[in-house]
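Here is what each chain is made of, one letter per residue.
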Amino acid sequence: MFKAKNLSPQKLAGFTALIISAVIALGSLIADGRWQVMLTAFILTFLVSYYLYLYTLQNFIYRKIKLIYKFIYQTKASKREEFFNKNILPLKTIDEVSEDVEKWASQKKEELDILRRNEEFRKEFLLNLSHELKTPIFAVQGYIHTLLDGAIEDPNVNKVFLKNATKNIDRLCHLLDDLDEISKLESGEMTINKESFVIQEMIKDVFDTLSLKANTKGIKFNIKKGCEAPVVVQADKEKVRQVMMNLVDNSIKYGKADGHTIASVYNMDDKQVLIEISDDGIGIAEEHLPRVFERFYRTDRARSRDIGGTGLGLAIVKHIIEAHKQTINVRSKPEIGSTFGFTLDTGRE
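What you are looking at is a predicted structure, and each value in this text was computed from that prediction instead of being measured.

(A) Structural context of the packing of helix H6 (residues 199-209) against helix H8 (residues 237-253). In the contact formed by H6 and H8, the axes pass within 10 Å of each other and the chain directions differ by 50 degrees. As the angle between them shows, H6 and H8 are arranged oblique. Crossing hand, H6 versus H8: right-handed. Residues Ile199, Met202, Ile203, Asp205, Val206, Phe207 and Thr209 of H6 pack against Lys237, Val240, Arg241, Met244, Met245 and Val248 of H8. Partitioned by chemical class, the residues of the contact of H6 with H8 number 9 nonpolar, 1 polar and 3 charged.

(B) Local environment of the pattern of salt bridges. All chains considered together, the criterion is met by 9 salt bridges. Measuring nitrogen to oxygen at the nearest pair gives 3.3 Å for the salt bridge that ties Lys253 to Asp249. Pair noted here: Lys253 and Asp249 are both in helix H8, with a separation of 4 residues, about one helical turn. Bridged by salt links that share partners, the residues Asp205, Glu238 and Arg241 form one connected network.

(C) Looking closely at H8. Relative to the 24 Å expected for 17 residues at 1.5 Å per residue, H8 spans 24 Å between its end C-alpha atoms, a close match to the ideal helical length. Burial analysis of H8 places 12 of its 17 residues in the buried class, the great majority of the element. Residues Lys239, Val240, Val243, Met244, Asn246, Leu247, Val248, Asp249, Asn250, Ser251, Ile252 and Lys253 constitute the buried set of H8. Near the N-terminus of H8, the side chain that reaches the backbone nitrogen of Glu238, with its oxygen 3.3 Å away, is that of Asp236.

(D) The arrangement of the packing of H8 against helix H10 (residues 313-323) in detail. Where H8 contacts H10, the two axes come as close as 10 Å, and the packing angle between them is 145 degrees. In this structure, H8 meets H10 at a crossing whose hand is left-handed. Between H8 and H10, the residues in contact are Lys239, Gln242, Val243, Asn246, Leu247 and Asn250 and Gly313, Leu314, Ile316, Val317, Ile320 and Ile321, respectively.

(E) Local environment of unusual backbone geometry. The backbone phi angle of Asp258 is positive, close to 60 degrees, even though this residue is not glycine. Mapped onto the secondary structure, Asp258 falls in the loop between H8 and strand S4 (260-267). Residue Asp258 is classed as exposed on the basis of its relative accessible area of 58%. The phi angle at Lys325 is positive, at roughly 60 degrees, despite the residue not being glycine. With respect to the secondary-structure elements, Lys325 resides in the loop between H10 and strand S6 (328-333).

(F) Region of interest: helix H5 (residues 158-187). The end-to-end C-alpha separation of H5 is 43 Å, in line with the 44 Å expected for 30 residues at 1.5 Å each. Among the residues of H5, those classed as buried are Asn158, Ala165, Asn168, Arg171, Leu172, Leu175, Asp178, Leu179, Glu181, Ile182 and Leu185. Immediately downstream of H5, the backbone of Gly188 shows phi near 80 degrees, a positive value.

(G) Looking closely at the pairing of S4. Bridging between strand S2 (residues 220-223) and S4 involves 4 bridges; their strand directions are parallel. Bridging from a neighbouring strand, Ile223 pairs with Ala263 of S4. Here S4 folds back onto strand S5 (residues 272-279) in antiparallel fashion, the turn holding 4 residues.

(H) Just the nonpolar core, in detail. Counting 48 residues, the largest nonpolar core has Ile199, Ile203, Met244 and Phe342 as the members making the most contacts within it. Not counting residues up to four positions away in its chain, the partners in contact with Ile199 are Val231, Val233, Val240, Val265, Ile275 and Leu344.

Here is what the cut-offs are and how they apply
- Residues numbered from 1 in each chain as written.
- Predicted model: local features only at pLDDT ≥ 70, side-chain atom pairs only at ≥ 80, totals over all residues.
- Heavy atoms only, no water.
- Axes fitted to C-alpha atoms, helices over the stretch in contact; angles between N-to-C directions.
- Helix = DSSP H or I, 4+ residues; strand = E, 2+ residues; numbered from the N terminus.
- Parallel < 35°, antiparallel > 145°, perpendicular 65-115°, else oblique.
- Left-handed = near helix turned anticlockwise from the far one by under 90°.
- Contact = heavy atoms within 4.5 Å.
- Nonpolar A, V, L, I, M, F, W, Y, C, P; charged D, E, K, R; others polar.
- Salt bridge = Lys/Arg side-chain N within 4 Å of Asp/Glu carboxyl O.
- Expected span 1.5 Å × (residues − 1).
- Buried < 20%, exposed > 50% of the residue type's maximum accessible area, 1.4 Å probe, protein only.
- Polar contact = N/O pair within 3.5 Å; in protein donor to acceptor, adjacent residues only side chain to side chain.
- Pairing = 2+ DSSP bridges.
- Core = buried A, V, L, I, M, F, W, Y, C linked by side-chain atoms within 4.5 Å.

Purely geometric numbers; function is a separate question.
Below, the structure is given as structure tokens:
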């Protein structure tokens, strides 16, 4: 079906000129009767009408459209854009221009949605950071003021208060160190120095390091049967150790008394290995799973703060794994336990 709105300016000008010239040519034939006069009138009218309408369309209507494009892109036109404005834009149909505007509007809507989400995340982050800082600062303040008010003279409490103040100062130091590290990871300042090593040896080393802490809760460490065969990975050894320490430490913190922490290593293909740390602890509710790697996000704030930690551990873990261009995931169910898994390269082509 013929739709004039889908025509380009040239076609629209030609169609309009054709109608006008046909009408005038028919009028001249009726008035004069000579076909030569009719043909001359048709040609002259067509040419004049065509160029007049084309000029009007390109220099009036498309001047307005050009303003729309300037508003959309909001930048001073480069040579390439000037070429587009002079040669490509006049060839566009109104529908194509409308489609471009709709795409721009959709893009802006997505950008606004992202900005709103980022603003909400920023507010939540600042609120959580403020709370994380206030807790140890107020604790230290309370202990010191109590000591200054006379408790320093009491040998039964002065050392206890000083030790508690020191613990909170250490917590502040850990928090600042973690903030500094995550800032470097997010900005790309921290380099990844890859080397080859056996992942099971690192797992055993981490188990040995945290064995005393695990023994206080009766938690036993194991490498899953069938996963004992040495698997070589290529990654930043110290960064991966930090990941393993954090995941195993969490399995102790949130594990049940006399429970188990099990490490598994799977060859996904010749290029990637999947490492998993599983526990049979308190688990995580499904609605919290998408956010566990966010900074300061806690599934149970009261219990998490009693257990300790800065609330940045899993965020750092995620950034380290992503800095290796790998992925990390979590599976969990309340009262059943949690499994954190991440991939590493084998270094084989």
